[in-house]
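# Structure at a glance
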Amino acid sequence: MTPDDLAAVGLRLDLAGPVATITLDRPASRNAQTPAMWRALAEVGAGLGDEVRVVIVRGAGQSFSAGLDRAMLDPTNTDAGETVAGLLQRDDEEIIATIGDYQQGFTFLRDPRFVSIAVVQGYAIGAGFQLALSCDLRILADDAQLCMKESALGLVPDLTGTKPLVEAVGYGRELEICATARMVPAAEAVAIGLAQTACPHDELDQVVDALVAALTAPAAGAVRETKALLAGAATRDLDTQCLAERTAQVRRFRELAATNR
């Protein structure tokens, strides 16, 4: 997609060597998200080259993302593009398939080719929280507030956030966070494993830059293989995980040997 195409849906993509930065750029609406934005995110993800080692996702202005653009929920709004009212004109299978398309704007962030980092300041609510959860790592400003708001709207989280959330905090804590739709402040998010660190807002860029430097220092293949091993570990038994480790190590030996010839 061209920069103008991305701007039309409230996104910006900046490439600097091995780092791609995706910015939600609708600050007037606190970076509220739309289906058009999700479809564009999926296209951005599909277009990232193998040279990209780190993907940073952040929001312009004071908040990461206030979640779903409420215009999508307004049955009287005919100018909002894809809306819930429009979806309900389709049969269930079509709706499920359409939501699957939306989810691709989130799932690409799990790609083992790169490490993804959500840089969160202000509010990350609903779809905003789920976008942050889609990333491998979360770095928060100390003013960050996370909230799975869907239950308060009579909905469920459906943008791929339930799996990483339960993996981070466990079933009971996830149920409490989702069912109550309460705010989780930055300090608590770090304490319960939702984020790697929280720092003063004016130090956020410095902390992220140091993390990016550390992630790009080792060989790219080593980081990619490690991410793939760790991402799949929970679903493998010990023997299968051990085999995956051995197999990955052989690939590393072969690549290093070829490089050193």
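Our subject in this report is the structure included herewith. Fair warning: this is a prediction, and the values are worked out from it, not measured in the lab.

Cut-offs used in this document
- Numbers given to residues run from 1 along each chain, matching the order in which its sequence is written.
- Predicted model: local features are reported for residues with pLDDT of at least 70 only, side-chain atom pairs are reported and counted for 80 or more only, and whole-chain, interface and lining totals are derived from all residues.
- Excluding hydrogens and water, the side-chain values take into account all heavy atoms of the structure.
- Cavity and pocket criteria rest on a 1 Å grid covering protein atoms alone: a 1.4 Å probe that fits but cannot get out defines a cavity, protein on both sides within 12 Å along at least 5 of 7 lines defines an open pocket, and an atom within 4 Å of a point defines a lining residue.
- Grid points are joined across faces, edges and corners, and a volume is the space filled by probe spheres set on the points.
- Put simply, DSSP H or I for four residues or longer makes a helix, DSSP E for two residues or longer makes a strand, and each gets a number counted from the N terminus.
- Residues were grouped as follows: Ala, Val, Leu, Ile, Met, Phe, Trp, Tyr, Cys and Pro as nonpolar; Asp, Glu, Lys and Arg as charged; and all remaining residues, including Gly, as polar.
- Strands are labelled as partners when DSSP assigns at least two bridges between them.
- Interaxial angle, 0 to 180 degrees, is taken between N-to-C directions of lines fitted to C-alpha atoms, where a helix line uses only the stretch in contact.
- Residue contacts follow a heavy-atom distance rule, with two residues in contact if any of their heavy atoms lie within 4.5 Å.
- Definition of nonpolar core: a set of buried residues of the types Ala, Val, Leu, Ile, Met, Phe, Trp, Tyr and Cys, connected through side-chain atoms within 4.5 Å.
- In this scheme, a residue with accessible area under 20% of its type's maximum is buried, one over 50% is exposed, and one in between is partly exposed, where area comes from a 1.4 Å probe on protein chains only.

One water molecule sets the probe size; rolling that probe over the atoms shows where empty space is left. For the structure on display, the rule yields one cavity of 30 Å³ or more. Size it by volume and the largest cavity reaches roughly 50 Å³. As for the largest cavity, its lining consists of Arg53, Pro112, Arg113, Phe114, Val115, Ala220, Val223, Arg224 and Lys227. With four residues, helix H10 (residues 220-233) is the single largest residue contributor to the lining of the largest cavity. Considered class by class, the residues forming the lining of the largest cavity number five nonpolar, no polar and four charged.

What follows deals with the sheet that holds strand E1 (residues 11-16). Pairing within the open sheet is mixed, and its six strands lie in the order E1-E2-E3-E4-E6-E9. Both outer strands of the open sheet, E1 and strand E9 (197-199), are each paired with one neighbouring strand and no more. When the angles between neighbouring strand axes are averaged without regard to direction, this sheet yields 20°. Bridge count between E1 and strand E2 (residues 19-24): six bridges; the pairing is antiparallel. By the bridge assignment for E2, Leu15 is matched with Ala20. Lying over the sheet, helix H2 (residues 35-47) contacts E1 and E2, oriented at roughly 15° with respect to E1.

This brings us to the layout of surface pockets. A volume near 720 Å³ is recorded for the largest pocket. Lining the largest pocket are 28 residues, and of these Arg110, Asp136, Glu167, Leu230 and Ala231 sit closest to its centre. At the level of secondary structure, the elements contributing two or more residues to the lining of the largest pocket comprise helix H5 (127-134), strand E6 (137-141), helix H6 (162-169), helix H9 (204-216) and H10. Among the residues forming the lining of the largest pocket, the class breakdown is 16 nonpolar, six polar and six charged. The calculated volume of the second largest pocket comes to roughly 520 Å³. Of all the secondary-structure elements, those providing two or more residues to the lining of the second largest pocket are helix H3 (84-87), helix H4 (92-107) and H5. Ranked by residue count, the leading element in the lining of the second largest pocket is H4, at three residues. The residue makeup of the lining of the second largest pocket, split by class, is 18 nonpolar, three polar and five charged.

By size, the foremost hydrophobic cluster in this structure holds 48 residues, and its most contacted members are Leu11, Val55, Val120, Leu146 and Leu194. Excluding anything up to four places from it in sequence, Leu146 contacts Val120, Ala124, Phe129, Leu140, Arg182, Met183, Val184, Ala189 and Leu194. In terms of nonpolar packing, the next biggest core, distinct from the first, is built from 14 residues, Val54, Val115, Val119 and Cys199 among them.

This part is about unusual backbone geometry. Located in the positive-phi region is Arg30, a residue other than glycine, with phi close to 55°. Within the secondary structure, Arg30 is located in the loop between E2 and H2. Even without glycine at this site, Thr160 takes up a positive phi of about 75°. On the basis of relative accessibility, which here comes to 17%, the residue Thr160 falls in the buried class.

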